[in-house]
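One-letter residues, chain by chain:
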Amino acid sequence: MTDKPLAPPESHTSSASPTIHDEPGVTGPLDVSNDNVPENLKEETNKGKAARISTAPEPREQTDDGVLIINWDGPDDPQNPKNWSKKKKWAATLIVSAFTFISPVSSSMMAPASEQIAGQFGVTNSTVIALLTSVFVAAYAFGPLFLGPLSELYGRSRVLQLANMWYLAWNLGCGFAQNEGQLIAFRFLAGLGGSAPLSIGGGVLGDLWRPEERGQAIAIYSLAPLLGPVIGPTCGAWIAQRSTWRWVFWATTIVDAFIQVLGVFFLKETFPPVLLERKAARIRKTMDPEKAGTREVRTIFDGADRHWKNIVAKALVRPFALFIHEPIVQLLGIYMAFVYGTLYLFLTTIPGIFEGVYREKVGIAGLHYLALGVGLTGASQINARMLDKIYKYFSAKNGGIGRPEFRLPSMIPGSILLPAGLFITGWTARADVHWIAPDIGIALVGAGTILNFQSIQTYVIDAFTLHAASALAAVTFFRSLAGFGFPLFAPAMYNALGYGKGDTILACVAIAVGVPAPPLFWFYGERIRNASKYARQSIPQSHRR
């Protein structure tokens, strides 16, 4: 055995490169390569007139041109979200996770009631019936593309809560729809608002938790959007059997209203540029214009020519730039899209297996969604305890230097369990085989799904800390299109091939795409990040040599 640390090959970057910190604005050398640092400060630095950020309690420093630069009051500033108490951090984390949970509940809760809805509205086309459920997920692809960047402009909490109220209103309207056209339109509009936590939530966690702390928080956050589609159909099946389908929407609206009230009181703003801008505003109010020798007060994120139009234009383009130019987003986005699409395909085919093959009633058939929940929850709880331990272990072996690639080991069992579950489910979904056999396969699919999700989420947040919301918006775009499209072709595929051959095709794709992913990013992830403008801006100091 050797004591040589197991880590991706070292990059050949110079050790003299500017220091980049995990939290924006923490004291240290100014990174003039960072696009978030104003151009005028870059020029001053290049001319030897660096606007050094103070480590003293005084939160501002006057530059040569009379500008006060506002920053945190040192690395232990209690206003910095990373220095909040654990109680306050977990309150925000749980509220964001609750938002992230209730929206996917709505996305899938009507699946068991879709036949009842189709009967009332006279819909006979199987694709249109599937569309009633999956159109909500189609909105997930587009909402984060503008909600994520808007959160980086106007604050995470404000955008998240306004988007949730938009979702609440249109989800309530779904319960009053009078035809399939209204229901599809209302579902899409509700999905736009419900998509906010999928991208903004990751940014909140990136603001709150340091890399060595955030594993368990992200494990809970990552479980929410996957456990929601499990709980939703289970409840929806009994509602469809015992009451009208309209209560599917009214029930979720009531629960979401309760979560929204909690959010108003416990979800505080976490985005550093917005918090520092508020500090700058307070300082401006206390200044005496006649006695102060300054012309301007701004934060380390502001340029002298800062204007909201320029900021909006840049931030709204960022997810598309990440989508087009970042190999990390492209490769992980494709794999996450397949995993997410497979999950939603399962959500729409579980009723067919247990109602059609095993002849169970709607309510009883809906209980088999719990098998998926067992796999998701069990693997999530184990991985939540392991993510940070694995990260710290490899960091210690690597001389105390952490890297985003240290989040990848749990992808290895995930990429094995997913195809194994597909094989088992497909070939045991027969009337002569006990129903527990396909349930075991479904549970393994759930376990493989959450392990892959948690690894990818933490990797993306660690690699794109400052732009985590935009990076997750780009990744979410891929996966949501798959979650929308996979259920539409599922009925035709299974009718033509059966469950055995159909799931075998999916399992082979899972092996081809998923198995090579962990070693690929383990050995080449750092090289890819070093070629990335956005990842290099966001990588914490502890992640770099």
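Residues numbered from 1 in each chain as written. Predicted model: local features only at pLDDT ≥ 70, side-chain atom pairs only at ≥ 80, totals over all residues. Heavy atoms only, no water.

- The protein goes by MFS polyamine transporter in an unreviewed UniProt entry, where it is assigned to Trametes coccinea.
- Under Subcellular location (unreviewed entry), UniProt gives the following word-for-word description of the protein: "Membrane". (UniProt positions renumbered as here; feature names shortened; annotations may be inferred.)

**Some details on the overall build of the protein**
- Looking only at helices and strands, the protein features 19 helices and 3 strands.
- The 545 residues of the protein split such that 60% are buried.
- Residue pairs in contact within the protein that sit at least 24 positions apart in sequence constitute 81% of those at least 6 positions apart.
- Split by element, the accessible area of the protein, about 21500 Å² in all, is 65% carbon and sulfur. (Helix = DSSP H or I, 4+ residues; strand = E, 2+ residues; numbered from the N terminus. Buried < 20%, exposed > 50% of the residue type's maximum accessible area, 1.4 Å probe, protein only. Contact = heavy atoms within 4.5 Å. Areas by Shrake-Rupley, 256 points an atom, 1.4 Å probe, with all protein chains shown as cover.)

**Observations regarding the environment of L276**
- Looking at where L276 falls in the secondary structure, it is placed in helix α10 (residues 272-286).
- Measuring from C-alpha to C-alpha, the distance between L276 and I70 comes to 6.8 Å, with 206 residues separating the pair along the chain.
- Non-local contacts of L276, meaning those with residues more than four positions away in its chain, are made with I70, N71, W72, T299, I300 and F301.

**Brief notes about the environment of L168**
- Mapping L168 onto the fold places it in helix α5 (residues 156-174).
- Ignoring anything within four residues of it in the chain, the contact list for L168 reads T253, D256 and A257.

**A closer look at unusual backbone geometry**
- Here R359, not a glycine, exhibits a phi torsion of approximately 55°, which is positive.
- With respect to the secondary-structure elements, R359 resides in the loop between α12 (327-357) and α13 (362-366).

**Comments concerning the pattern of salt bridges**
- Within this structure, the stated rule accounts for 9 salt bridges.
- Two residues, D77 and K279, come together in a salt bridge whose shortest N-O distance is 3.4 Å. In this pair, D77 is assigned in the loop between β2 (67-70) and α2 (86-109) and K279 in helix α10, connecting sequence segments 202 residues apart.
- Under the relative-accessibility criterion, D77 is labelled buried at 2%.
- A salt bridge links R284 to E277; the nearest nitrogen and oxygen atoms lie 3.1 Å apart.
- Among the residues examined, R284 registers a relative accessible area of 35% and is labelled partly exposed.
- One salt-bridge network, in which partners are shared between bridges, spans D73, D77 and K279. (Salt bridge = Lys/Arg side-chain N within 4 Å of Asp/Glu carboxyl O.)

**A few points about the packing of α12 against helix α18 (residues 517-530)**
- Axis separation between α12 and α18 bottoms out at 10 Å; the angle between their running directions is 150°. One way to sum up the angle between α12 and α18 is to call them roughly antiparallel. Touching P327, I328, L331 and L332 of α12 are L520, F521, I528 and R529, all from α18.
- Of the residues in the contact of α12 with α18, the class split is 7 nonpolar, no polar and 1 charged. (Axes fitted to C-alpha atoms, helices over the stretch in contact; angles between N-to-C directions. Parallel < 35°, antiparallel > 145°, perpendicular 65-115°, else oblique. Nonpolar A, V, L, I, M, F, W, Y, C, P; charged D, E, K, R; others polar.)

**Section: the packing of aromatic side chains**
- In total, this model carries 22 aromatic pairs according to the counting rule given.
- An angle of 70° between the planes, with centres 5.2 Å apart, marks the rings of F394 and W522 as edge-to-face. Here the residue F394 occupies a position in helix α14 (residues 369-397), and W522 occupies one in helix α18, the gap between them amounting to 128 residues.
- An aromatic cluster of at least three residues, connected via ring pairs, comprises Y391, Y393, F394, F406 and W522.
- Geometry around Y391 places R407 over its ring, the cationic atom sitting 4.2 Å from the centre. (Phe/Tyr/Trp six-rings, centres within 6.5 Å; stacked < 30°, edge-to-face > 60°. Lys NZ or Arg CZ within 6 Å of the ring centre and 35° of its normal.)

**As for the packing of α2 against helix α8 (residues 214-242)**
- With their axes 7 Å apart at the nearest point, α2 and α8 run at an angle of 35° to one another. Seen from above, α2 lies across α8 with right-handed handedness.
- Taken together, the residues of the contact of α2 with α8 break down into 17 nonpolar, 8 polar and no charged. (Left-handed = near helix turned anticlockwise from the far one by under 90°.)

**Describing the nonpolar core**
- Counting 113 residues, the largest nonpolar core has L183, L345, L418, L422, V460 and F464 as the members making the most contacts within it.
- Residue assignment places this core across two domains, with domain 1 (63-306) and domain 2 (316-531) each supplying three or more.
- With sequence-adjacent residues up to four places away left out, V460 is seen in contact with L332, A471, L472 and V475.
- Judged by nonpolar contacts, the second largest core, of 7 residues, contains V67, I69, W72 and L276. (Core = buried A, V, L, I, M, F, W, Y, C linked by side-chain atoms within 4.5 Å. Domains from an automatic or database assignment.)

**A short note on helix α6 (residues 180-194)**
- For α6, spanning 15 residues, the distance from its first C-alpha to its last is 20 Å, which sits close to the expected 21 Å at 1.5 Å a residue.
- Regarding α6, the residues found buried are L183, I184, F186, R187, A190, G191, L192, G193 and G194.
- Put simply, N179 is the residue that caps the front of α6, since its side-chain oxygen is 3.1 Å from the backbone nitrogen of G181. (Expected span 1.5 Å × (residues − 1). Polar contact = N/O pair within 3.5 Å; in protein donor to acceptor, adjacent residues only side chain to side chain.)

**A look at the side chain of Q457**
- For Q457, the position within the fold is in helix α16 (residues 436-463).
- Judged by its relative accessible area of 2%, Q457 is buried.

**Topic: the confidence of the model for the protein**
- Taken residue by residue, the protein gives an average pLDDT of 79. The fraction at 70 or more is 81%.
- Contacts for the low-pLDDT stretch residues 1-59, under 50 throughout, to residues beyond four places or in other chains number 133 contacts.
- When the criterion is pLDDT under 50, residues 539-545 qualifies, and its contacts beyond four places in sequence or with other chains add up to 34 contacts. (pLDDT = per-residue confidence, 0-100.)

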